[in-house]
Amino acid sequence: TCNAEGEWTSMRLASGKRVSQATCKDILCPAQLQLDNGDFWPRNQWFRVGMTQSFSCQEGFTLYGSERRNCTQSGDWTGVTPVCDDHADDCSDPGVPPGAERLQKENSASFGRFLRVAEFSHMHVYILLDTSGSIEKADFNKSREATIALIRKLDSYDVQLNFHVLSFASETQTIVDILDLATSGNADEVILALMEFDYQSHGRRTGTNLDSALQNVLRAMSFLKQNSDHSNETQNIIIIETDGYSNGGRKPQIALAQIRSLLGYLNNTLQDHTHETMLDIYVFGVGDKVNREELNSLGSKKSNENHVFVLKEFTTLGEVFNDMISDKSVTMCGVAQEDISKEEIKHGNKKPYTRPWHVTLTSNERGKFCSGSIVSQNWVLTAAHCFTRQGKDNILKDLQLSINHGAGESKGEKVIIHQKYNISALKERNLTEFYDYDLALVKTKDSIPLSWQARPICLPCTIAASRAMKMINSSCSQHRNQLLPHSQTPAFFIDKKEERKQTHIHTQSQRDSCVEKARSLLKESTDVTLEEFVTDRFLCSGGTKGYQDEISCKGDSGGSLVLEKRKRYFQVGVVSWGTIHVCDQHLHSSSNLLRDARDFHIDLFKVMPWLKEHLGNEIHFLPENN
């Protein structure tokens, strides 16, 4: 506004924050946040113009309204609010409009202890980075790397996240404002802002005023509480990264008490914060010398939990994340705890559960004979040669099959072998073993109880995989390009000792040289060509230059060949056969024989119609035209 003195008044945002100049920002549409008895994708909180959100209903419910809606230039959606209804009640369900959620009258689930992630929960994460003179640049960079790794880890869950990132020295600078929903709700944008932040941006004002940063957090929380319909259902996480030496402003404990009071935790003088279910305060000690007493006074104190971490004392951030994050209630595909070394386990760290999809198959007659992977509550994917020499079903009549997984044991009810599998298909041409279509599905008698120890792996070309990779309206070919983008791709399998084994998949320009190592198995008496023997339905791994690739052994057959993407895990192959039985020969790692060994795996991208035929009732696959 132009005042009487001919000067302009301060420019302010709707939040009250003062800004120096006007900026143009994208028009955004508020997303559908809730669809009772149904599902929607993608699960962003805001959408730019032209983007779409799709809806579907669970079995037994009919979709009323629009199956797909587009964000328009007016910030509104095309179509009609979707509703999944079975008309069990007299009154029709009016639905939940975009940007809103239905209040739950029943006791809502508490996130409780740890930084607890649950599907479709809300989480506001406030990150405070100490950039004062006592923090060396190298230590700040380590702190920033830890922050980025944590953001990526949290972003791997189906959690609605918004970040507020601050740098504090004598004063506080905002790196990411939580009120800028388009940026704060996009993990990639938050990470980019962090990477572009200049460590020296505070200039000579290098004091340490943590109180200033916490007051900034308090103001943001207060605004959100006044203007958000679901603030009482949002988990608030404050992460302070500092050496613990403050020399400016009030004591930070005063601001923390104000934050607790704002969130309704009035008795904030207690030294036990276990009851603060919607607030967790974590402290990362940064630098060679930290004020442990101060760090401990800042972090939450909850029963059987750790809220204070000195980064220098941890060999890997995986240890920190496993201690911080509780994802035991999450049953989505491809989620696993962070891997840590054997040495770290020896030093008292709990052994993480890094392979919740992995199973072993056993029978009374054969003992442990093969591996497999959980792909849904009722199905396990494995290799056909574990059961039979040619394609046929109903082979469990005389085989008492047990499926051993992290949550216990399940019984096998039925085995489906790929109808084109026949190990003797080329026997008349003097090739005794042929493993094309070496694929089988085992149906469990009772559903596997999903937990943090028994979760499904993500299969490509499925809606769940699209979500995990944050790929909107993606196709199966785009999944392959995302998961296998290079001619040499790191991957791993689980061996019979149930340990991860690293290898590399060779595709594109490197596939031929990898497959060539299988030529030695073709005897002079056969006229079968290498291309017939190793069809395009096989992925080839092992023998990577500059690496010591692991080779599978007897008993590893049927296990999953897995890739990691965005902190989630995806199965791209099933372990089938290898060129050399290296495990029987106890070869030294420098052996030429070991370097020449190759493993072959059934390429799941090549057998999608068969997987969809048998799993389509439980797993949502991408449409065939995608």
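Residues numbered from 1 in each chain as written. Predicted model: local features only at pLDDT ≥ 70, side-chain atom pairs only at ≥ 80, totals over all residues. Heavy atoms only, no water.

- The name an unreviewed UniProt entry assigns to the protein chain is C3/C5 convertase, from the organism Nothobranchius kuhntae.

1. Re the overall build of the protein chain
Thought 1: Tallying secondary structure elements over the protein chain gives 15 helices and 29 strands in all.
Thought 2: Considering the protein chain as a whole, with its 626 residues, one finds that 51% of them fall into the buried category.
Thought 3: Relative to all contacts within the protein chain whose residues are 6 or more apart in sequence, the contacts with residues 24 or more apart total 66%.
Thought 4: Accessible surface, the protein chain: about 30,100 Å² in total, of which carbon and sulfur atoms supply 46%. (Helix = DSSP H or I, 4+ residues; strand = E, 2+ residues; numbered from the N terminus. Buried < 20%, exposed > 50% of the residue type's maximum accessible area, 1.4 Å probe, protein only. Contact = heavy atoms within 4.5 Å. Areas by Shrake-Rupley, 256 points an atom, 1.4 Å probe, with all protein chains shown as cover.)

2. As for the pattern of salt bridges
Thought 1: All told, the structure shown has 19 salt bridges when counted by the stated rule.
Thought 2: We note a salt bridge from Asp155 to Arg566, for which the minimum N-O separation is 2.9 Å. Residue Asp155 is found in helix α1 (residues 137-155), and its partner Arg566 is found in the loop between β27 (560-565) and β28 (568-578); the two are separated by 411 residues along the sequence.
Thought 3: The class for Asp155 is buried, based on a relative accessible area of 14%.
Thought 4: With its nearest N and O atoms 2.8 Å apart, the salt bridge here joins Arg260 to Glu276. Of this pair, Arg260 sits in helix α5 (residues 252-262) while Glu276 is found in the loop between α5 and β15 (279-285), placing the two residues 16 residues apart along the sequence.
Thought 5: Classification of Glu276 by relative accessible area gives buried; the value is 0%.
Thought 6: Beyond isolated ion pairs, a larger network of salt bridges with shared partners links Asp155, Asp188, Lys470 and Arg566. (Salt bridge = Lys/Arg side-chain N within 4 Å of Asp/Glu carboxyl O.)

3. Considerations on the sheet that holds strand β12 (residues 160-168)
Thought 1: Taken together, 6 strands build an open sheet; the order of strands is β13-β12-β11-β14-β15-β16 and the sheet is mixed. In this open sheet, the two strands that pair with only one neighbour each are β13 (172-176) and β16 (308-310). Strand-to-strand twist in this sheet, taken as the mean axis angle between neighbours without regard to direction, amounts to 20°.
Thought 2: Here β12 runs beside β13; their pairing, made up of 4 bridges, is antiparallel. In the sheet register, Ser167 faces β13, and the bridge partner there is Gln173.
Thought 3: Together, β11 (122-130), β12 and β14 (234-242) form the strand contacts of α1, whose direction differs from that of β11 by roughly 175°. (Pairing = 2+ DSSP bridges. Axes fitted to C-alpha atoms, helices over the stretch in contact; angles between N-to-C directions.)

4. Examining the side chain of Thr382
Thought 1: As for its position among the elements, Thr382 is in strand β20 (residues 379-382).
Thought 2: One polar contact links the side chain of Thr382 to the main-chain carbonyl oxygen of Ser371, over a distance of 2.7 Å.
Thought 3: Dropping the residues within four chain positions of it, Thr382 is found in contact with Leu361, Ser371, Gly372, Phe387, Asp438, Leu439, Ala440, Val442, Ser557, Gly558 and Val574. (Polar contact = N/O pair within 3.5 Å; in protein donor to acceptor, adjacent residues only side chain to side chain.)

5. Description of the sheet that holds strand β21 (residues 401-405)
Thought 1: The sheet built from 6 strands closes into a barrel, its strands ordered β18-β19-β20-β23-β22-β21 with antiparallel pairing. Each strand of the sheet is rotated relative to its neighbour by a mean of 45°, with strand direction disregarded.
Thought 2: Along the sheet face, helix α15 (residues 608-615) touches β19 (367-376), β20, β22 (408-417) and β23 (440-444) and points at about 15° away from the line of β23.

6. Focus: the packing of aromatic side chains
Thought 1: Scanning the model with the defined rule gives 11 aromatic pairs in all.
Thought 2: When the ring of Trp357 is compared with that of Tyr569, the centres are 5.5 Å apart and the planes differ by 35°; the resulting orientation is tilted. Note that Trp357 is positioned in the loop between α8 (342-346) and β18 (358-363) and Tyr569 in strand β28, a separation of 212 residues in sequence. Across the pair, Tyr569 and Trp357 agree in class, each one buried.
Thought 3: Between Phe369 and Phe387, the ring centres sit 6.0 Å apart and the planes meet at 85°, which makes this aromatic pair edge-to-face. Taken together, the residues span a long stretch of sequence, with Phe369 in strand β19 and Phe387 in the loop between β20 and β21 at a distance of 18 residues.
Thought 4: Of the residues examined, Phe387 reaches a relative accessible area of 15% and is grouped as buried.
Thought 5: Taken together through their ring pairs, the aromatic side chains of Tyr435, Phe533, Phe538, Trp577 and Phe600 make up a single cluster. (Phe/Tyr/Trp six-rings, centres within 6.5 Å; stacked < 30°, edge-to-face > 60°.)

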